[in-house]
Amino acid sequence: MDQAQTALTGLVHELASSERFRAFVDAFPADARVSEPALPLLLAAFHHTRRSALTCLLAEDEEARDVAEAVGWYLDPATVARLPSRGVSAASGLEPPAHLVGERVRALDVLAAGGIVCVSARALAEGMPPESDRPDVIRLGATDSRDLGTIVEELALAGYERVERVEERGQIAVRGGLVDVFPSTGREPLRVEFFGDDIEQIRAFSPFTQRALHAVADAVIYPARERVPDESALDASAEDARVSLLERSPDLVWQVDDVLSLWDEEGFERPTLDGAARLDTLPRSQPHVFEAQRPAIAARGLAEAENELAAMVKHGRRVVVTFPHPGEALRTQRLLRKVEAKVEDAIAKVAPDPSLVFVVSSARRGFVWRDLGIALLPDTQVFRKRPPRADVRLGRALQSFADLRVGDYVVHEDHGVGRLLGFETKDVAGVTRDYLFLAFRGEDRLYVPHEQIGKVARYIGADAKAPALSKLGGKAWQNLKSRARASVRELAGELLSLYARRRQAPGQALDLTNDWLERLESS
């Protein structure tokens, strides 16, 4: 798989060219002691060197997610994927969430194309339905000759729910010659426009305003359901049939003791790990060692941060500081007085001499790698900023039932203002769930299952008066939300107009060399 360059590709080349790393590659599969901060870069360099599919097994879904995200800082994110667990046990009878189904299928696609996949222990033990039972991946192009009805049928077989308005992953809506679909792995929903039996164009749109954002040349829509429904299937065991995710053992295993413990605690049969290189943070007489530390910078302001950076460069390190936006990198560069920094779009090759470089990257965690003489530092760990004061009055989606008390007023995203009557556990269709029992206007009542708690928020009013309850099934709540959206758009327009006038107004240049500016920035 061809590797696209990223802002931090130079770090991959630097590690790949080291003697210690080349010895590890030549001895593969060999065990190694690897510190946690070094793992993502080590995986990126190993995949870059091998130029073939690579799998790394980790104990938890969260670990697989974090490591896959970090590897994507060094390699093309399109070549990196995570393979999470289903999120629900097979015995529960529940379908896994659409986004997890999509992530699992995408991971297999990336692996087949020669990418790198971080798979969790639970996911590997759970397996997947046979390939013949899985829905197909749907690929659309802006100039394809595809019938609208055929695409809708394919999306339905892939588990997409038909709704009036697409707002969440795994949903489709059909209106005339338009098909709105929110891919199970997408960040934005897509609007497919047809002219007869041809796709005229594909555009991403906002799920909140439903307005088109930008054109899309090609789209890959992964399934939202694990298995194609087969109403004619008489054998229930065939519906539960599952096969291994991988055709062979994982290439690398991170913290093998944690992986084996999880399998034993969950009662899974242990998949084979023969031929896998075992990476561990603890010394176990491994022949190879890769050590890096988390950055430990205690700067309380710009002046102290500058001293820390100058000390690192003085000690012979190549220091790379990542920023989320180029403007912040340039602004910080201009404020430095004691050390010189270069702002680069990308690091194709790390400078051989000690230096300080600012680069735009999404990297959120760094390291100090003594053997390589490199320090990677996210800007938030160096130039610490005072976090904005949180407003505890703002309404937020609930995290658990413990956030509420009986009698509290709540707001349901779809139904409006209600009052909590209590918590109940019910057995519905053979599945036991916890529910919020809500009262609305009159005798209207609603049970909200625990998995939909994110749709409920505590009511926050302008005064201490009790709010009027909404009526289930009416249009009043939807009209109220529409008016609120219109008000927000009007306010946004006013703000844009205000800032446009500010940009056009003549300004006064200030002296940036005064010490007062540095004190203000570091406060």
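Residues numbered from 1 in each chain as written. Predicted model: local features only at pLDDT ≥ 70, side-chain atom pairs only at ≥ 80, totals over all residues. Heavy atoms only, no water.

Draft legend 1. Up close: the packing of helix 2 (residues 19–26) against helix 3 (residues 39–50). At their nearest, the axes of helix 2 and helix 3 sit 11 Å apart, and the two run at 60 degrees to each other. Crossing geometry of helix 2 relative to helix 3 is assigned as right-handed. Residues Phe 21, Phe 24 and Val 25 of helix 2 form the contact with helix 3, whose participating residues are Leu 42, Ala 45, Phe 46 and Thr 49. Of the residues that constitute the contact of helix 2 with helix 3, the class distribution is 6 nonpolar, 1 polar and no charged. (Axes fitted to C-alpha atoms, helices over the stretch in contact; angles between N-to-C directions. Helix = DSSP H or I, 4+ residues; strand = E, 2+ residues; numbered from the N terminus. Left-handed = near helix turned anticlockwise from the far one by under 90°. Contact = heavy atoms within 4.5 Å. Nonpolar A, V, L, I, M, F, W, Y, C, P; charged D, E, K, R; others polar.)

Draft legend 2. Looking closely at the sheet that holds strand 4 (residues 116–120). Taking strand neighbours across the sheet as the criterion, the 7 strands line up as 3-4-2-13-14-1-15 in an open arrangement whose pairing is parallel. The open sheet is flanked by strand 3 (80–83) and strand 15 (288–290), the only strands paired with a single partner. On average, adjacent strands in this sheet sit at an angle of 20 degrees to one another, irrespective of strand direction. As defined by bridge partners, strand 2 (residues 54–58) adjoins strand 4 across 5 bridges and the pair is classed as parallel. When the bridges of strand 4 are listed, Leu 58 appears paired with Ser 120. The strands that helix 3 touches are strand 1 (32–34), strand 2, strand 4, strand 13 (252–254), strand 14 (277–280) and strand 15; relative to strand 2, the one it contacts most, it runs at about 155 degrees. Of the strands in this sheet, strand 2, strand 13 and strand 14 are in contact with helix 9 (residues 256–266), which crosses strand 13 at around 80 degrees. (Pairing = 2+ DSSP bridges.)

Draft legend 3. Here's a closer look at the side chain of Glu 126. With respect to the helices and strands, Glu 126 occurs in helix 6 (residues 121–126). Ignoring anything within four residues of it in the chain, the contact list for Glu 126 reads Ser 85, Arg 86, Val 88, Arg 104, Arg 242 and Phe 268.

Draft legend 4. Fine view of unusual backbone geometry. With an omega of 0 degrees, the peptide bond running from Phe 28 to Pro 29 counts as cis. Here Pro 29 shows up in the loop between helix 2 and strand 1. You will see that Arg 51, though not glycine, has its phi angle at about 60 degrees, which is positive. Assignment of secondary structure puts Arg 51 in the loop between helix 3 and strand 2.

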